[in-house]
Amino acid sequence: FHIPMIGTIPSFSYVYHEKFVLTLQEAFVTLDLFTRLQSPLLEFIIALLQSVEGIVSLGRINKFLQLEEKVQSNKIVRSKFFLPGISIESGHYSWGTKGGFEISNVNMEVKPGEIHAVVGSTGSGKTSLTLAILDQMDKISGQATVRGKVAYVPQSAWIFSASVRENILFGRPFEAKRYAAVLRASCMEKDLESFSEGDLTILSEGGSNLSGGQKQRISIARGAYADADVYVFDDPLSALDAQVSNELFRKMMLEYLNRKAVVLVINQLQFLKQCSVVSVLEG
Ligand code: TTP
Ligand code: MG
């Protein structure tokens, strides 16, 4: 006697023999028992999968907690009683690995209202210097103090999957006046007109529906909107044409951030004469 498949329980059989008589009672009780088994069996599989995930997660958390403690080496002062800015004296930084890249003899002083330009050939350590300011590089010797809130705009812009506006606000509350000023200073207004839904247009992860220059300007706008005291820009003009570079330098660096302490890695040497100090990385 054969009972067809019921739910996820495979079909089962009943031996037909003179001794066994399949009564209604037997058939339904058996069916009922099998049905009752279904959910514990499914839950067992889920529990098994979750245990495996749990073990993997615990392993990762364990690895993370066992990492070596990073000693903060730059002095970071957030007090309002000090004038914001950066001062580094005879700074010597390394990337931690023996015989790896190091920058030494770093002397810089950046005050509010100043643009401190950093120039040097590719691979000379411009990005490293900006990361040394952010205390991401290991300090071997020297004195370094960073006073105030710092905003950092990295060399390669990144975009997350959300609207243009959310990419600029980056979790901060929306303030219409500041937001409009930032859009103007980062020359985003024309681009927004060309987007189907203006600044509410949803961007894809990594910003594949944007040009390189648009990504870079959204990244700059995000930094500007952060309303920090110290701004560190790593080559913000690299993906922009000459005209937009000119406009952005004037509106953002000279006007919008005119009272801030700005460190600006730059390859467009024509702007250097408008900067307060120029540092050159050599050797
Ligand atoms: P960078 O500091 O990246 O050089 P750069 O910014 O001047 O170059 P570019 O103009 O192309 O942007 O690199 C200097 C050296 O530091 C290089 O040998 C790689 C090393 N380095 C690390 O080891 N780890 C890091 O995280 C970085 C950023 C650089
Ligand atoms: Mg770099």
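Here the structure is a predicted model, which is why all the values come from computation and not from measurement.

Cut-offs used in this document
Residues numbered from 1 in each chain as written. Chains lettered and ligands numbered in written order. Predicted model: local features only at pLDDT ≥ 70, side-chain atom pairs only at ≥ 80, totals over all residues. Heavy atoms only, no water. Near = heavy atom within 4 Å. Polar contact = N/O pair within 3.5 Å; in protein donor to acceptor, adjacent residues only side chain to side chain. Areas by Shrake-Rupley, 256 points an atom, 1.4 Å probe, with all protein chains shown as cover. Nonpolar A, V, L, I, M, F, W, Y, C, P; charged D, E, K, R; others polar. Pairing = 2+ DSSP bridges. Helix = DSSP H or I, 4+ residues; strand = E, 2+ residues; numbered from the N terminus. Axes fitted to C-alpha atoms, helices over the stretch in contact; angles between N-to-C directions. Contact = heavy atoms within 4.5 Å. Donors = N, O, S within 2.8 Å, 3.2 Å for Na, K, Ca; no water. Buried < 20%, exposed > 50% of the residue type's maximum accessible area, 1.4 Å probe, protein only. Core = buried A, V, L, I, M, F, W, Y, C linked by side-chain atoms within 4.5 Å. 1 Å grid on protein atoms, 1.4 Å probe; cavity = no way out; pocket = protein on both sides within 12 Å on 5 of 7 lines; lining within 4 Å. Points joined across faces, edges and corners; volume = space filled by probe spheres on them. Patch = residues over 30% accessible without salt bridge, like charges linked within 9 Å, V, L, I, M, F, W, Y side chains within 5 Å. Salt bridge = Lys/Arg side-chain N within 4 Å of Asp/Glu carboxyl O.

J.: Describe the site of ligand 1, with residues and values.
T.: Residues in close proximity to ligand 1 include W95, F101, S121, T122, G123, S124, G125, K126, T127, S128 and Q155, which together make up its full environment. Separating an oxygen atom of ligand 1 from a backbone N or O atom of S124 is a distance of 3.3 Å. A distance of 2.8 Å separates an oxygen atom of ligand 1 from a polar side-chain atom of Q155. For ligand 1, whose free accessible area comes to 610 Å², the fraction covered by protein is 61%. Residue composition of the shell around ligand 1, by class: 2 nonpolar, 8 polar and 1 charged.

J.: Help me get a handle on the sheet that holds strand β7 (residues 138–147), residues and values and all.
T.: Within the open sheet, the 4 strands sit side by side as β3-β7-β4-β5. Their pairing is mixed. Edge positions in the sheet fall to β3 (75–77) and β5 (102–110), since each of these pairs with one other strand and no more. Averaged over all neighbouring strand pairs, the angle between strand axes comes to 10°, with direction disregarded. Across the sheet, helix α2 (residues 126–133) is in contact with β4 (85–94), β5 and β7; its angle to β5 comes to roughly 60°.

J.: Give me the lowdown on the coordination of the magnesium ion (ligand 2), citing residues and values where you can.
T.: Every protein donor of the magnesium ion (ligand 2) is accounted for by T127 (OG1) and Q155 (OE1), and the metal-donor separations fall at 1.9 to 2.3 Å. On the criterion of sequence distance, the pair formed by T127 in helix α2 and Q155 in the loop between β8 (150–153) and α3 (164–169) is long-range, its members being 28 residues apart. Residue class for T127 comes out partly exposed when judged on its relative accessible area of 26%.

J.: Can you lay out the nonpolar core for me, pointing to particular residues and giving the numbers?
T.: Formed by 41 residues in total, the largest nonpolar core has its most connected members in I168, F233, F249, M253 and I266. Counting residues per element, the ones that place at least two in this core are β6 (115–119), β8, α3, α4 (176–185), α6 (212–225), β9 (230–234), α7 (242–256) and β10 (261–265). The element contributing the most residues to this core is α6, with 5 residues. One finds V106, A144, V232 and V265 within the second-largest nonpolar core, a separate group that totals 20 residues.

J.: Hey, could you go over the layout of surface pockets for me, with residue numbers and the actual values?
T.: In this model, the largest pocket occupies a volume close to 290 Å³. In this structure, the largest pocket is lined by 15 residues; those nearest its centre are S104, N105, V106, L281 and E282. Of all the secondary-structure elements, those providing two or more residues to the lining of the largest pocket are β5 and β11 (277–280). When residues of the lining of the largest pocket are assigned to their parent elements, the largest contribution, 7 residues, is made by β5. Its residues placed into classes, the lining of the largest pocket shows 7 nonpolar, 6 polar and 2 charged.

J.: Give me a nonpolar patch on the surface: which residues, what numbers.
T.: A cluster of nonpolar side chains, namely L42, F44, I45, L48 and L49, defines an oily patch on the protein surface of about 530 Å² accessible area. Summarising the element assignment, L42 is placed in helix α1 (residues 24–65).

Limitation: the analysis is restricted to geometry and does not speak to function.
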